[in-house]
Each structure stands twice: as structure tokens, then as C-alpha cells.
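Architecture at a glance
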Amino acid sequence: MLPMERERSVQKSVCQMVCLIVAQFVYLMSGSAVFMFLERDFTQQKYRSTLAALIEVRKTLNLTDRQELVLQEAFGYGFNFYDEVLPPRAANAWDFISTLYFSITSTTTIGYGHHSPRTSAGQLFCIAFSLGGIPLHMVTLGTIGRHLNTVINRFLVWSIGGLMKGGAAKKDIATFLFTCTLLILFTIFSAGSVRLVIPDISYIEAIYFIYVTISTIGFGDFVIRFEQESHLNRVLILALWALALYVGMSILSATVMSISSRAKQNYKILFNISSNLWNTKVRGERYKRAKKKLVSPGFEETGLIMVDKNFLIEQLDLQTDPGKRAEIQMWIDKYDACTCSSDYSCSEESGSEYTSTPDHT
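As the structure is a computational prediction, the values presented were derived from the model and not from experiment.

1. With respect to the overall build of the protein chain
The helix and strand inventory of the protein chain stands at 11 helices and two strands. A buried classification covers 35% of the 361 residues belonging to the protein chain. Look at the contacts in the protein chain between residues 6 or more apart in sequence, and 66% of them connect residues 24 or more apart. Entry remark: accessible area of the protein chain is about 21,800 Å², with carbon and sulfur atoms responsible for 64%.

This is the structure:
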């Protein structure tokens, strides 16, 4: 490929990646607006009714079973027993920031499970939104991962070009080690940041949370919750979380691609080996079948000879033992004498099968 063509190809590829990123951003923003419209009023009404029920329960300390359930539900929503107004978690439920957070966890298939639509319209829209958002996210992430692998390969060639010589195997191993190092450094750095947002979490638990998140496992045992923060802090936390999420997923995608690239090469090697072994077995069986057919008595009288002459010629070329070569040549001559004698007419069927029939003319 000429330098100008290569440059155009790179520009086109980068343009496609940027367009995918912009498309996913617009898709997330639009979906978040729809989720907010469908879910916010219902959830706020639910929280207000829970608050009213909590105030009623507080007036009578002789709690019934229903009142105990109200308390459990209220505390699950973040209410305090002496609240007179909606707590921050309830007040900020399904606003644009929390909805965007839900949209990101939906399209990336993380799905922590602590935040989900409750209305029928919201649940139906969640299905449609995910059907479009998940493929878009996968295409975007794959494109970013391929570009990251390309950048890493060029960096490695520029920095340690001498060590990269020696075929695709060394390049794949070097790329894998480099992406693994990036992933480890990213996880160590991000785990320290997570501890500032999630209280009472150990460093090991923070590393575990980072991996569960960027690998989209999303158990939900640890979740970043920022409803009680100020509006500015909520925006900053969401922006940093989303940036770290996509960076980490891109690095993990590049790591997986380097592993799969090497695995494909190993698979091709194993496939070639198995194919050669199978071909050797098939050739051996055909060799024995041809020998048995030619040396069996009375085969001329059957009028049917199913022998591949090209196979015999190929075996003759591959054979180095003079005795074996003479024996194979004898079979070829016997084949020609049988199929082309004056008593038989030769006809070719299916390329490699020959059928001899008596000539009655």
C-alpha cells in the first residue's frame, strides 16, 4: 500500500471511530431523556406516598405488620425515621444525571440492578433502548480496541523495534504484555479513586469492583451511589466514572483482542496439523484400497474399477524406495492395461473414478 493510500485509510478509520463515539453519546443522551420522562413522575409520587405513610406511622408507635413494611421500604429508599421532606436519594431519583447513569449501565450490559424502571412504559422502552444501544456499544468498543492495538503495535515497533522482529508470535506476545501492564496500572489507579466515592471499601474490594465493572459482569454487591452529593459533585463523579469505565473497557478489549489474535494463529496451526494427519490417514486408506483392488484376482471380469490413477502417480512421485516405485509403477501399468485393453472402453466419471464396461461392438 502506498503511503498516501495508507494515510487515507488511517484517516477513514479514525473518522469512523469518532462517528461511532458521537453516535453512542447522542444515543445515550436521547435515551436518558426518554427514561427521565417515563419514570421520574411515577417514582417521585411513590416516594411522596412513602413519606406520608412514614409520617403516619411515626404518630402511632404501636406498629402493625403493614407499618413495619412501610418502614422497611422507606429505609430502603434512604428515608430517615424523622424525615419531613424527601431525602436526596429520593429527590434525585430519575433526574437526568441518575438516568444517564442508568443508560450507561444498560447499554454496556453492566446492569448493577440497584436502579431499574418501574412503569410498564419504562420497561418496554428499556427493551427497545437496549436492542439498539448494546450493538452500538459493542461496535464502538471493538473499533476503539482495534485502534488501541494498532497504536500499541506502532509504539512497540518505534520503541523496541529490534525485539519485535521474528514474526507475528513475538508481536502478539509483546502487545499482550503491554496491554496487560496498562490494565494493571489502570486498575491500581482506579481502585484508589473508587475508595474516595464508596465508603468502607477495602483496596482489594475496590480492585474487585473495577474488574467486575469493566468486564460488564456487574454483580451489584458494590455500587457507586452519588444521589446525596451536590449537583456539581454528581456531575463530576458521573463524568469521571464514565470516562474510567470506557477507558478500562477499551484496554480490556485490546487485551482480549491480542489474546484472540494469538489464539487464532494457534488454532490455524492445530487445524493444519490435524488436517495433515487426517489427509495422511485418508491417503493411507486409499493406498491400501487401490492395492487391494488391483491385486485381487478376477477384478477384470467385474467390469468395475474404482481406482484413482492420479493418486497412484502422486504416490509414485513421493516414493523414494526403488522397490516401492517399481511396485507402484506395476500397478499403474496394470491399471492402464485393464481400462484401455481391446476388450474394454474407458470412461471417466466424477473426475477421479473410472468405470470400465465391456465393449460389445
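So, next bit.
2. Focus: the packing of aromatic side chains
Within the structure shown, the criterion is met by 13 aromatic pairs. Ring centres of Y101 and W241 lie 4.8 Å apart, and the angle between their planes is 65°; this geometry places the pair in the edge-to-face category. Taken as a pair, Y101 in helix α4 (residues 96-107) and W241 in helix α8 (residues 231-295) lie far apart in primary sequence, 140 residues in all. Overall, Y101 belongs to the buried group, its relative accessible area being 4%. Overall, the relative accessible area of 8% leaves W241 in the buried class. Relative to F222, the ring of Y208 lies with its centre 6.2 Å away and its plane at 80°, an arrangement referred to as edge-to-face. Residue Y208 is located in helix α7 (residues 203-214), and its partner F222 is located in the loop between α7 and α8; the two are separated by 14 residues in the primary sequence. Here the aromatic cluster, defined as three or more aromatic residues joined through ring pairs, consists of Y27, F35, W94, F102, F125 and F129.

3. Focus: the environment of I21
The topology assignment puts I21 in helix α1 (residues 3-59). Accessibility expressed as a relative area gives 38% for I21, which makes it partly exposed. I21 has contacts with T140 and I144, leaving out every residue within four places of it along the chain.

4. Overview of empty space enclosed by the protein
Throughout the structure, instances matching the rule amount to two cavities of 30 Å³ or more. Quantified by volume, the largest cavity comes out at close to 70 Å³. In this structure, the largest cavity is lined by S98, Y101, H114, H115, I224, R225, F226, E227 and R234. Counted by class, the lining of the largest cavity contains three nonpolar, three polar and three charged residues. Of the pockets and cavities examined, the second largest cavity occupies roughly 30 Å³. What lines the second largest cavity is simply Y112, Y208, F209, V212, T213, F219, G220, D221 and F222. Of the residues that constitute the lining of the second largest cavity, the class distribution is six nonpolar, two polar and one charged.

5. Here we look at a nonpolar patch on the surface
A cluster of nonpolar side chains, contributed by V10, V14, V18, V22, F25 and V26, occupies part of the molecular surface with about 470 Å² of accessible area. You can see V26 is positioned in helix α1.

6. Some words on the environment of E227
You can see E227 is positioned in the loop between α7 and α8. Its relative accessible area of 13% is what places E227 among the buried residues. In the structure, E227 is positioned 129 residues away from S98 in sequence and 7.8 Å away in space, judged by C-alpha atoms.

7. Re the confidence of the model for the protein chain
Mean pLDDT over the protein chain: 77, with 74% of residues reaching 70 or higher. In the model, residues 294-306 has pLDDT below 50 throughout and makes 32 contacts with residues more than four positions away in sequence or in other chains. Scored below 50 in pLDDT, residues 341-361 shows 41 contacts in the model against residues more than four places distant or in partner chains.

8. Things to note about the nonpolar core
With 45 residues, the main nonpolar core has Y101, I224 and W241 as its most contacted residues. For this core, the elements supplying multiple residues, two or more each, are α1, α2 (65-76), α4, α5 (120-160), α6 (168-197), α7 and α8. Per-element accounting of this core gives the leading share, eight residues, to α8. Apart from residues no more than four positions distant in its own chain, W241 is found in contact with Y101, I104, T105, Y112 and I224.

9. Re α7
Look at α7: 17 Å from first C-alpha to last across 12 residues, which is about the 16 Å you get at 1.5 Å a residue. Just beyond α7, the residue with positive phi is T216, at close to 60°.

10. Things to note about the pattern of salt bridges
Within the structure shown, the criterion is met by one salt bridge. Measuring nitrogen to oxygen at the nearest pair gives 2.7 Å for the salt bridge that ties R234 to D95. Of this pair, R234 sits in helix α8 while D95 sits in the loop between α3 (88-91) and α4, placing them 139 residues apart in sequence. Of the two residues, R234 and D95, neither departs from the other in class, the shared state being buried.

11. Observations concerning the environment of F222
Taking C-alpha positions, F222 is 8.5 Å from E205, a pair spaced 17 residues apart along the chain. Dropping the residues within four chain positions of it, F222 is found in contact with Y112, I201, E205, Y208 and F209.

12. Some remarks on the packing of α4 against α5
Taken N-terminus to C-terminus, the directions of α4 and α5 make an angle of 60°; their axes are 8 Å apart at the nearest point. The element α4 and its partner α5 pack so that their crossing is right-handed. Seen from α4, the contacting residues are F102, S103, S106 and T107; seen from α5, they are C126, F129, S130, G133, I134 and H137. Its residues placed into classes, the contact of α4 with α5 shows four nonpolar, six polar and no charged.

What counts, and where the lines are drawn
For every chain, the first residue of the written sequence is number 1, and numbering continues from 1 along that sequence. Only residues with pLDDT of at least 70 get local features here, since the model is predicted, and only at 80 or more are side-chain atom pairs given and counted; chain-wide, interface and lining totals rely on the full set of residues. Only hydrogens and water are set aside when side-chain values are computed; all heavy atoms of the structure are taken into account. Think of it this way: any DSSP run of H or I at least four residues long counts as a helix, any run of E at least two long counts as a strand, and we number them from the N terminus. Per-residue accessibility, obtained with a 1.4 Å probe over protein chains only, is compared with the maximum for each type, and a residue is labelled buried under 20%, exposed over 50%, and partly exposed between these values. The contact criterion used throughout is that any non-hydrogen atoms of two residues lie within 4.5 Å. Note on areas: Shrake-Rupley, 1.4 Å probe, and residue coverage restricted to the protein chains presented here. Here is the rule: rings of Phe, Tyr and Trp (six-membered ring for Trp) pair when centre to centre is within 6.5 Å. Planes less than 30 degrees apart are stacked, more than 60 are edge-to-face, and the remainder are tilted. Buriedness for pockets is judged along seven lines, at least five of which must meet protein on both sides within 12 Å for an open set on the 1 Å grid over protein atoms alone, while cavities are sets there where a 1.4 Å probe fits but cannot get out, and lining residues have an atom within 4 Å of a point. Grid points are joined across faces, edges and corners, and a volume is the space filled by probe spheres set on the points. Charged residues are taken to be Asp, Glu, Lys and Arg, nonpolar residues to be Ala, Val, Leu, Ile, Met, Phe, Trp, Tyr, Cys and Pro, and polar residues to be all remaining types, Gly included. Only residues whose relative accessible area exceeds 30% and that form no salt bridge enter a patch; like-charged residues are grouped when within 9 Å of one another, and nonpolar side chains (Val, Leu, Ile, Met, Phe, Trp, Tyr) when within 5 Å. By convention in these notes, a salt bridge is any Lys or Arg side-chain nitrogen within 4 Å of a carboxyl oxygen on Asp or Glu. Within a predicted model, pLDDT stands for the predictor's per-residue confidence, ranging from 0 to 100. To define a nonpolar core, start from buried Ala, Val, Leu, Ile, Met, Phe, Trp, Tyr and Cys residues and group those joined through side-chain atoms within 4.5 Å. What a helix should span is 1.5 Å times the count of its residues minus one. Axes here mean lines fitted to C-alpha atoms, for a helix over just the part in contact, with angles spanning 0 to 180 degrees between N-to-C directions. For any helix crossing, the convention is left-handed if the near helix is rotated counterclockwise from the far helix by under a right angle, and right-handed if that rotation is clockwise.

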